[in-house]
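One-letter residues, chain by chain:
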Amino acid sequence: MSKIAIIGATGRAGSQLLEEALRRGHSVTAIARDTTKIGQRAGVVSRAVDVADSAALQAAVAGHDVVLSAAHFAPIAASAIIDPVKKAGVKRLLVVGGAGSLLLPGGGKVIDSPGFPEEYKAEASAGGVYLETLRKEQDLDWTFLSPSAEFVEGERTGKFRLGQDDLLVSAEGRSWISFADYAIAMLDEVEKPVHVRQRFTVGY
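One structure accompanies this document, and this report is about it.

Definitions and cut-offs
Residues numbered from 1 in each chain as written. Predicted model: local features only at pLDDT ≥ 70, side-chain atom pairs only at ≥ 80, totals over all residues. Heavy atoms only, no water. Helix = DSSP H or I, 4+ residues; strand = E, 2+ residues; numbered from the N terminus. Rg over C-alpha atoms; globule rule 2.2 N^0.38 Å. Areas by Shrake-Rupley, 256 points an atom, 1.4 Å probe, with all protein chains shown as cover. Buried < 20%, exposed > 50% of the residue type's maximum accessible area, 1.4 Å probe, protein only. Expected span 1.5 Å × (residues − 1). Contact = heavy atoms within 4.5 Å. Axes fitted to C-alpha atoms, helices over the stretch in contact; angles between N-to-C directions. Parallel < 35°, antiparallel > 145°, perpendicular 65-115°, else oblique. Left-handed = near helix turned anticlockwise from the far one by under 90°. Core = buried A, V, L, I, M, F, W, Y, C linked by side-chain atoms within 4.5 Å. Salt bridge = Lys/Arg side-chain N within 4 Å of Asp/Glu carboxyl O.

**Things to note about the overall build of the protein chain**
Okay, so step 1: Broken down by element type, the protein chain carries five helices and ten strands.
Okay, so step 2: Taken over the C-alpha trace, the protein chain has a radius of gyration of 16 Å; the compact-globule value for 204 residues is 17 Å, and the two agree within 12%.
Okay, so step 3: Over its C-alpha atoms, taken along the principal directions, the protein chain stretches across nearly 45 × 35 × 30 Å.
Okay, so step 4: Entry remark: accessible area of the protein chain is about 9,700 Å², with carbon and sulfur atoms responsible for 50%.

Next comes the structure, spelled out in structure tokens:
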């Protein structure tokens, strides 16, 4: 079993990563600004850390086998996560990505498609920059897992498809994945690395 640090462990994606990691018997350090929602749980150590505090984040992730980051992209630079992880000596960083940088069937990126919600553009754009930063990274075994266009609450089915850089769309024309099933795909990658120094995506 692995020692896993989860940055942003109280968010919608991060909390499901926490649940999936515990379900599989891993030891988890849950990192968030406010950890009161996590409470006392077997197999979990909580660390109240602001990701803007580089030294505190470095100390919190040190000694782990892998770091999962579910932090939002827009408020911070990619280096705010990448640099502390590297300085802590952790080799593997898996990032909860965004769908905006995925490619559309007819060409172009999701973020550039007509009707892309304006309120999501800053986050999606920052996610694309984060991915490009990782693609230049030489020292980490990173992975960037993009969800489908709709990243939503839903049941844990364990039935989904994986892709690479192209947006996955169901036979019904919908692009979506639940947080719970996304977490399965991410923990599968933790346990059996297939997409090292790559982006991949998950959807129904």
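**Points about unusual backbone geometry**
Okay, so step 1: Phi at Arg197 is positive, roughly 55°, even though this residue is not glycine.
Okay, so step 2: Note that Arg197 resides in the loop between helix H5 (179-191) and strand E10 (198-203).
Okay, so step 3: Owing to a relative accessible area of 35%, Arg197 belongs among the partly exposed residues under this scheme.

**So, helix H4 (residues 121-135)**
Okay, so step 1: Here H4 is 15 residues long and its end C-alpha atoms lie 21 Å apart, about the 21 Å a rise of 1.5 Å per residue gives.
Okay, so step 2: If you check which residues of H4 are buried, you get Ala124, Ala126, Gly127, Gly128, Tyr130, Leu131 and Leu134.
Okay, so step 3: In the core, the buried residues of H4 are packed alongside strand E4 (66-69), helix H3 (79-87), strand E5 (92-96), strand E6 (141-146) and E10.

**Notes on the packing of helix H1 (residues 12-23) against H5**
Okay, so step 1: For the pair H1 and H5, interaxial distance at closest approach is 8 Å and the crossing angle is 55°. As the angle between them shows, H1 and H5 are arranged oblique. Between H1 and H5 the crossing geometry is right-handed. Of H5, the residues touching H1 (which contributes Arg12, Ala13, Gln16, Leu17, Glu20 and Ala21) are Phe179, Ala180, Ala183, Ile184, Met186 and Leu187.

**Structural notes on the nonpolar core**
Okay, so step 1: Ranked by internal contacts, the top residues of the largest apolar core, which has 30 residues, are Ile4, Ile6, Leu17, Leu68, Val96, Tyr182 and Met186.
Okay, so step 2: For this core, the elements supplying multiple residues, two or more each, are strand E1 (3-7), H1, strand E2 (27-32), E4, E5, H5 and E10.
Okay, so step 3: No other element matches H5, which puts seven residues into this core.
Okay, so step 4: Counting 27 residues, the second largest nonpolar core, distinct from the first, contains Ala71, Ala78, Val95 and Trp142.

**What about the pattern of salt bridges?**
Okay, so step 1: Using the criterion set out here, one finds 14 salt bridges in the structure.
Okay, so step 2: For the salt bridge of Arg199 with Asp165, the shortest nitrogen-to-oxygen distance reads 2.7 Å. Residue Arg199 is located in strand E10, and its partner Asp165 is located in the loop between strand E8 (161-163) and strand E9 (176-178); the two are separated by 34 residues in the primary sequence.
Okay, so step 3: Salt bridges linked by common partners bring Glu20, Arg23, Arg24, Arg156, Asp188 and Glu191 together as one network.

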